Amino acid sequence: MTRATKEEQVCTYFVLRTGLKTIHRWMKAPNQRSRHAAKDYKGLIDARVAPKQNTAAEERPDTHYLRARVKYALEMCAELEQQAAVISMDNKNKVHIGSKTLAVNRHLQPGRFFPTNDQPNYQDHDFPTPGYLITPSGYFVMKPGEKELFKDEKGREHFRFDRIGETHVVNRPPGVGVNIESHLCDVLPITQELREEGRTAVLLVVDNGADFNPRSHVTQFFYGKLWKDGDLDAMAVLSYCAGDSKLNPIERIWGHLTKKLTAVYLRDVLPDEDLPPRQQRLEQRVLEEKEKKVFKLALEQLDGYWDGMAYAGCKVSSRHVISEPQAALLPAVQHSLSSKRALILNNSMHEETKFQNQHLRRLDGMLIFTKCVQEPCRHCTEHPPVSKAACQLFSTFPTPVPSSQDTYETYITARAQARSHQDEHMPSRITNHLGTCERCSTLYIFTSKTDKIRHMRLMH
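Just so we're clear, the structure is a prediction, and the values are computed from it rather than from any experiment.

**Student:** Help me understand the overall build of the protein chain in this model?
**Tutor:** When helices and strands are counted, the protein chain shows 16 helices and 12 strands. Once the C-alpha set of the protein chain is aligned to its principal axes, its extents read approximately 90 × 70 × 45 Å. The long-range share in the protein chain, meaning contacts at least 24 apart out of those at least 6 apart in sequence, stands at 71%. For the protein chain, the accessible area works out to roughly 25700 Å², and carbon and sulfur atoms hold 50% of it. Taking the average place of the 64 positive charges on the side chains of the protein chain and the average place of its 56 negative ones, the gap between the two points comes to 5 Å.

**Student:** Even after reading the chapter, I still don't get the pairing of strand S11 (residues 360–363), so can you show me in this structure?
**Tutor:** Residue alternation in S11 divides its side chains into two sets, Leu 360 and Arg 362 and Arg 361 and Leu 363, and both sets are buried. Note that S11 and strand S12 (residues 366–370) share four bridges and pair antiparallel. Note on S12: the bridge partner recorded for Arg 361 is Ile 368. Counted along the chain from S11 to the antiparallel partner S12, the turn is two residues long, and its residue Gly 365 has a positive phi close to 85 degrees.

**Student:** What should I look at first to understand the packing of helix H5 (residues 180–196) against helix H6 (residues 217–229) in this one?
**Tutor:** Helix-helix packing: each pair is described by the crossing angle between the helix axes and the interaxial distance. At a minimum axis separation of 10 Å, H5 and H6 run at an interaxial angle of 20 degrees. In terms of orientation, H5 lies roughly parallel with respect to H6. Considering how the two elements wind past one another, H5 and H6 form a crossing that is right-handed. Between H5, through Ile 180, Glu 181, Leu 184, Val 187, Leu 188 and Thr 191, and H6, the contact on the second element is made entirely by Thr 219, Phe 222, Tyr 223, Leu 226 and Asp 229. Taken together, the residues of the contact of H5 with H6 break down into seven nonpolar, two polar and two charged.

**Student:** I keep staring at unusual backbone geometry and nothing clicks. Help me out?
**Tutor:** Among all residues save glycine, negative phi is the norm, and among peptide bonds the norm is trans. Positioned with a positive phi, Glu 81 is a non-glycine residue whose angle comes to about 55 degrees. For Glu 81, a relative accessible area of 24% puts it in the partly exposed group. The residue Ala 263 is not glycine, and still its phi comes out positive at about 70 degrees. Along the polypeptide, Ala 263 turns up in the loop between helix H7 (251–260) and helix H8 (284–306).

**Student:** Explanation requested: the packing of aromatic side chains in the structure shown.
**Tutor:** Aromatic rings considered in pairs are described by the distance between their centres and by the relative angle of their planes. Under the criterion given, the structure shown has nine aromatic pairs. Between Tyr 65 and Tyr 408, the aromatic rings sit 5.9 Å apart at their centres with planes inclined by 70 degrees, giving edge-to-face as the arrangement. You can see Tyr 65 sitting in helix H4 (residues 63–80) and its partner Tyr 408 sitting in the loop between helix H13 (388–395) and helix H14 (411–416), a full 343 residues away along the chain. Like Tyr 408, Tyr 65 is buried. Aromatic ring contacts, followed pair by pair, group Tyr 72, Phe 159 and Tyr 411 into a single cluster. In this structure, Arg 25 packs its charged tip against the face of Tyr 41, placed 4.9 Å from the ring centre.

**Student:** I'm lost on the nonpolar core in this one. Help?
**Tutor:** In a soluble, globular protein the nonpolar side chains are often hidden away together inside. Ranked by internal contacts, the top residues of the largest apolar core, which has 57 residues, are Val 86, Ile 134, Leu 203, Leu 257, Trp 306 and Phe 394. Per-element tally for this core: the top contributor is H4, with eight residues. Once residues within four sequence positions are removed from consideration, Trp 306 is found in contact with Lys 92, Val 95, Pro 136, Val 169, Asn 171, Leu 257, Lys 260, Leu 261, Val 316 and Ser 318. Formed by 36 residues, the second largest nonpolar core is a distinct cluster that contains Ile 180, Trp 227, Phe 355 and Phe 369.

**Student:** How should I be thinking about the pairing of S12 in this particular structure?
**Tutor:** Where burial is concerned, most of S12 is hidden: five out of the five residues are buried. Along S12, one buried face is formed by Met 366, Ile 368 and Thr 370 and the opposite face, lined by Leu 367 and Phe 369, is buried too. Two elements, strand S8 (residues 234–239) and S12, share five bridges in a ladder whose sense is antiparallel. For Met 235, the partnering residue across the bridge sits in S12 and is Phe 369.

**Student:** Is there a simple way to explain the state of the cysteines in this structure?
**Tutor:** One covalent bond between the sulfur atoms of two cysteine residues makes up a disulfide. Enumeration according to the criterion identifies zero disulfides in this entry. Between Cys 391, a free cysteine, and Cys 380, which holds the nearest cysteine sulfur, the sulfur-to-sulfur gap is 7.9 Å. Unpaired in terms of disulfides, Cys 440 finds its nearest cysteine sulfur in Cys 437, a separation of 3.5 Å. What makes Cys 440 buried here is its relative accessible area of 17%.

**Student:** Help me understand the pattern of salt bridges in this model?
**Tutor:** Any two side chains of opposite charge can pair, on the condition that their charged atoms come close. For the structure shown, the criterion picks out 23 salt bridges. Among the salt bridges present, the one from Asp 186 reaches Arg 319, with a minimum N-O distance of 3.7 Å. With Asp 186 in helix H5 and Arg 319 in strand S10 (residues 314–320), this pair connects stretches of sequence that are 133 residues apart. The exposure class assigned to Arg 319 is partly exposed, which follows from its relative accessible area of 40%. Between Arg 215 and Asp 364 there is a salt bridge, with the nearest N and O atoms lying 3.1 Å from each other. Of this pair, Arg 215 sits in the loop between strand S7 (201–206) and H6 while Asp 364 sits in the loop between S11 and S12, and the two are 149 residues apart along the sequence.

**Student:** Explanation requested: H6 in the structure shown.
**Tutor:** For an α-helix the count is 3.6 residues per turn, leaving residues at separations of three or four pointing the same way. Over its 13 residues, H6 extends 18 Å from the first C-alpha to the last, a length consistent with the 18 Å expected when each residue adds 1.5 Å. For H6, the full list of buried residues reads His 217, Val 218, Thr 219, Gln 220, Phe 221, Phe 222, Tyr 223, Gly 224, Leu 226 and Trp 227. Two or three places before Val 218, at the opening of H6, Ser 216 has a side-chain oxygen 3.2 Å from that residue's backbone nitrogen. Asp 231 sits one or two positions beyond H6 and adopts a positive phi of about 50 degrees.

**Student:** Sorry if this is basic, but what is going on with the environment of Asp 211 here?
**Tutor:** Relative to the helices and strands, Asp 211 resides in the loop between S7 and H6. Classification of Asp 211 by relative accessible area gives buried; the value is 19%. Separated by 155 residues in sequence, Asp 211 and Met 366 have C-alpha atoms that sit 15 Å apart. Once you skip the residues sitting within four places of it in the chain, Asp 211 turns out to touch Asn 91, Val 178, Asn 179, Ile 180, His 183 and Thr 219.

The rules behind the values
What you see as residue numbers is a count from 1 along each chain, following the sequence as written. For this predicted model, a pLDDT threshold of at least 70 governs which residues receive local features, and a threshold of 80 or more governs which side-chain atom pairs are given and counted, while totals over whole chains, interfaces and linings are taken from all residues. Values shown for side chains rest on all heavy atoms present in the structure; no hydrogens or waters enter the calculation. The secondary structure listing takes helices from DSSP runs of H or I that are at least 4 residues long and strands from runs of E that are at least 2 residues long, numbered from the N terminus. Whether two residues are in contact is decided by their heavy atoms: any pair within 4.5 Å suffices. What sets the accessible areas is the Shrake-Rupley method with a 1.4 Å probe; for residues, cover comes only from the shown protein chains. Counted as positive: Lys and Arg. Counted as negative: Asp and Glu, with His and the chain ends omitted from the count. To locate a charge, take atom NZ for lysine, CZ for arginine, CG for aspartate or CD for glutamate. Accessibility here uses a 1.4 Å probe with only protein chains present; expressed as a share of the type maximum, an area under 20% marks a residue as buried, one over 50% as exposed, and anything in between as partly exposed. Pairing between strands is defined by DSSP: at least two bridges between them are needed. Lines fitted to C-alpha atoms define the axes, with helix axes restricted to the stretch in contact, and inter-axis angles between N-to-C directions lie between 0 and 180 degrees. Our angle categories are set so that under 35 degrees counts as roughly parallel, over 145 as roughly antiparallel, 65 to 115 as roughly perpendicular, and the remainder as oblique. Note on convention: near helix rotated counterclockwise from far helix by under a right angle means a left-handed crossing. Clockwise means right-handed. Each residue gets one label: Ala, Val, Leu, Ile, Met, Phe, Trp, Tyr, Cys and Pro are nonpolar, Asp, Glu, Lys and Arg are charged, and the others, such as Gly, are polar. Pairs were defined over the aromatic rings of Phe, Tyr and Trp, the Trp ring being its six-membered one, requiring ring centres within 6.5 Å. Orientation was assigned from the angle between planes: stacked under 30 degrees, edge-to-face over 60, tilted for the rest. Here, a charge over a ring is recorded when the distance from Lys NZ or Arg CZ to the ring centre is within 6 Å and its angle to the ring normal is within 35 degrees. As used in this record, nonpolar core signifies buried Ala, Val, Leu, Ile, Met, Phe, Trp, Tyr and Cys residues forming a set joined through side-chain atoms within 4.5 Å. Two cysteine sulfurs form a disulfide in these notes if their separation is within 2.5 Å. Within this document, salt bridges are pairs made up of a side-chain nitrogen of Lys or Arg and a carboxyl oxygen of Asp or Glu, the two lying within 4 Å of each other. By definition here, a helix of n residues has an expected span of 1.5 Å times n minus one. A 3.5 Å cut-off defines polar contacts: any pair of N or O atoms within that distance qualifies, except that in protein one atom must be a possible hydrogen donor and the other a possible acceptor, and neighbouring residues in sequence count only when both atoms are side-chain atoms.

As structure tokens, then:
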């Protein structure tokens, strides 16, 4: 035998003769914060009890580029100071309605004080009532303050943007649509309040899901409608890369709202009954009436937990909507944008779409609407921009420019440089070669071959 093999045999002999508890002490401490217990661990073996982690994510080619673009947009709003605001939007996980099912995950620790004779005791099994789910939609409003510069670890200057502000939560019961139209109905009053404060430039940081995706022609139409109805000088819509939505600022708030519902049951029965309406043998009309009452009580109970909360020292408001808008536009918009013929037959929709395209700069995954400054159209003459500086900055938004192998130039540097073609350095566009629409008067970047075909058929 070789010397190495003999050593291995000796090590194996001592390990087998050693107790399991002693081997555990040869490893690293499970938690270094527990200093007294950590002294018992020698660290001879590079191993420890693994903590729970869920931070693994797929790195896509455009991930770094789109992170830089969102950062550029936030710094642009910080440069505008009191003239701009940022709204981060997304939906939360659904909340259960059930007398025998907790509103949120049963594995969360309560973390609150209870009298010793009145502590929570959960049902040993979950018995959810099918379909009894509330969908919360959140809108995190961030308002930049005075312009302030700071330097990063490489000595480069940035505009500081503090991600704090008020949060608005709108809860919807089962059967009420949650889509782009409902979201913008929630956002319109917020933009009107911002306009009264003099903030006429708004940046929307949205999710990549079907409700918000700025690449869709349907959502693009509704974003343009929000910009026009809100009488905003400029509005931009953008998102992080797919799978990167954890960076959306609204995501930081959901955990606090979930903790507030720990050990909470939202009742699914009426006060004088023992069974949910769904489990009773009722006529359809009676069932719908009773369910509306159950959902209304559950929504009011949910608002009672969330409304008036504070996150990072800022207020959280919660309200509910119990019915859809009376004149829902979404089906008509989807039909009109399905073909050129359908769009032409709907004259008002056709005119609105042409108007939006005249004021739109469409990048890959980003929409920028601005009012006319040089040669105003009829709408911009009747509603002139309050802040021409905001229109100018939004219309000349710089594309992220690589500075080295792993970083991009700062927003301040990219804005001062000679302007590159928009999305010129976006990795997916370098390989796709989709180009732009040469027949549009403003910039329109194609995001896919299907998008190119659809745009040319609808608009030209």
